[in-house]
Amino acid sequence: MHQTHKNIEADNGDWAVEASGLIKVFGDNRAVDGVNLNVRAGTIYGVLGPNGAGKTTTIRMLATLLRPDAGSARIFGHDVVKESQIVRQLIGVTGQYASVDESLSATENLIIFARLLGLGRSEARHKAEALLEEFGLSEAARRPLKNFSGGMRRRLDLAASLIAQPPLIFLDEPTTGLDPRTRSQMWDTMRRLVKTGSTVLLTTQYLEEADQLADRIAVIDHGRVVAEGTVDELKASVGTSTLHLRVQNLQDIENARQTIEQVLKIHSNVSYEAGKITAPMANVDKVTDLLIALRESGIHLAEMSVQKPTLDEVFLTITGHGVKEDPLQVSYEAEEVKV
């Protein structure tokens, strides 16, 4: 049953997800308040937002686990409400398949999943062993699941969702609480999934994760998409890059500052201390002209860099607050998951 859309290839122009005006209300809380998303097949799409922003509720509606109060969504052209059975054959959702039996080993659980999906006994065992190896769980494969740590459970959860190799995989904060090494392994796995033709929709609170992985990002805050685009587009939307420069000789710093102001045509916002100069740089191409001018003035540099705005700055500018949210919003997220 999972072969329906094996002909969907990466970057073939198909839309994996088309959501329009999605709304979900819990009591007085509009957890999702008119979300629009368009995810191209064969990409990693990041949904970035704080706790309580509506990320999990949006995923649950797209994955047919929660019925929208309003709006519509299609997965590879299939309506999530009217064609939910077809949609379920096309997707994998982490968190959905945690285990069938806590007393069984990781290997036994994965084999059962594989058998339920129609794989033969030998193929199911081979698939289970390959996935456990990929997720660094081979040594713990014979342990009962009840003895697994949170990070191990998270990795097994993703392994289980990949048994069917679905065209679209929803990863709802898949690396929360993981150590840096395991998180990096998960990132590599996500990249490999896309190379082999899957599409990944990833929700995360980690700005670095979105920056590293996502082809496009939607920033969700208070149930709405408040910004959408590539990482570079989002960074460019909040302002200019920043020039950081340090001179070798402190006596050159005033000359360097004047040169920067002349070449970059700016007469304010240039700051300097302890031999370091910081200045806004609207046109990065000007860096070549600046280096030539500094050399002609006999000013030697110890270091220089041009940095784009960080995603953290993007988030702060767009939403007016950081990614971490207040306890009230956290309680909303807990309410979402229970429904």
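Residues numbered from 1 in each chain as written. Predicted model: local features only at pLDDT ≥ 70, side-chain atom pairs only at ≥ 80, totals over all residues. Heavy atoms only, no water.

Chemist: What's the story with the sheet that holds strand 6 (residues 91-93) in this structure? I'm lost.
Modeler: Where strands meet in a sheet, backbone hydrogen bonds hold them as pairs that are either parallel or antiparallel. Pairing is mixed in the open sheet, where six strands are placed in the order 6-7-8-3-9-10. Since the sheet does not close on itself, it has two edges, and those belong to strand 6 and strand 10 (224-229), each with one partner. Sheet twist, expressed as the average angle between the axes of neighbouring strands with direction ignored, equals 15°. Pairing geometry for strand 3 (residues 44-48) and strand 9 (residues 216-221), over four bridges, is parallel. If you follow Leu-48 over to strand 9, its bridge partner there is Val-219. The sheet contacts of helix 1 (residues 55-62) involve strand 3, strand 7 (168-172), strand 8 (199-204) and strand 9, and relative to strand 8 the element is tilted by about 150°. (Pairing = 2+ DSSP bridges. Helix = DSSP H or I, 4+ residues; strand = E, 2+ residues; numbered from the N terminus. Axes fitted to C-alpha atoms, helices over the stretch in contact; angles between N-to-C directions. Contact = heavy atoms within 4.5 Å.)

Chemist: When you look at the nonpolar core in this model, what are you seeing that I'm missing?
Modeler: Across soluble globular proteins, you tend to see nonpolar side chains buried next to one another. Within the largest apolar cluster, 35 residues are counted, with the highest numbers of intra-cluster contacts made by Leu-110, Phe-135, Leu-156 and Met-190. Breaking this core down by element, the ones donating at least two residues are helix 3 (106-116), helix 4 (121-134), helix 5 (150-161), strand 7, helix 6 (180-195) and strand 8. Beyond its immediate chain neighbours, meaning those up to four positions away, Leu-156 contacts Ala-106, Leu-110, Leu-132, Leu-137, Leu-145 and Phe-148. Ranked by size, the runner-up nonpolar core spans 32 residues in total, among them Phe-26, Ala-31, Val-32 and Tyr-45. (Core = buried A, V, L, I, M, F, W, Y, C linked by side-chain atoms within 4.5 Å. Buried < 20%, exposed > 50% of the residue type's maximum accessible area, 1.4 Å probe, protein only.)

Chemist: I'm lost on unusual backbone geometry in this one. Help?
Modeler: In most cases, non-glycine residues show a negative phi, while peptide bonds are predominantly trans. One non-glycine residue, His-222, lies in the positive phi region at around 50°. You can see His-222 is positioned in the loop between strand 9 and strand 10. Backbone geometry at Lys-265 places phi at a positive 55°, although glycine is not the residue there. Of note, Lys-265 is situated in the loop between helix 9 (253-264) and strand 12 (271-273).

Everything listed is a geometric property; what it means functionally is a separate question.
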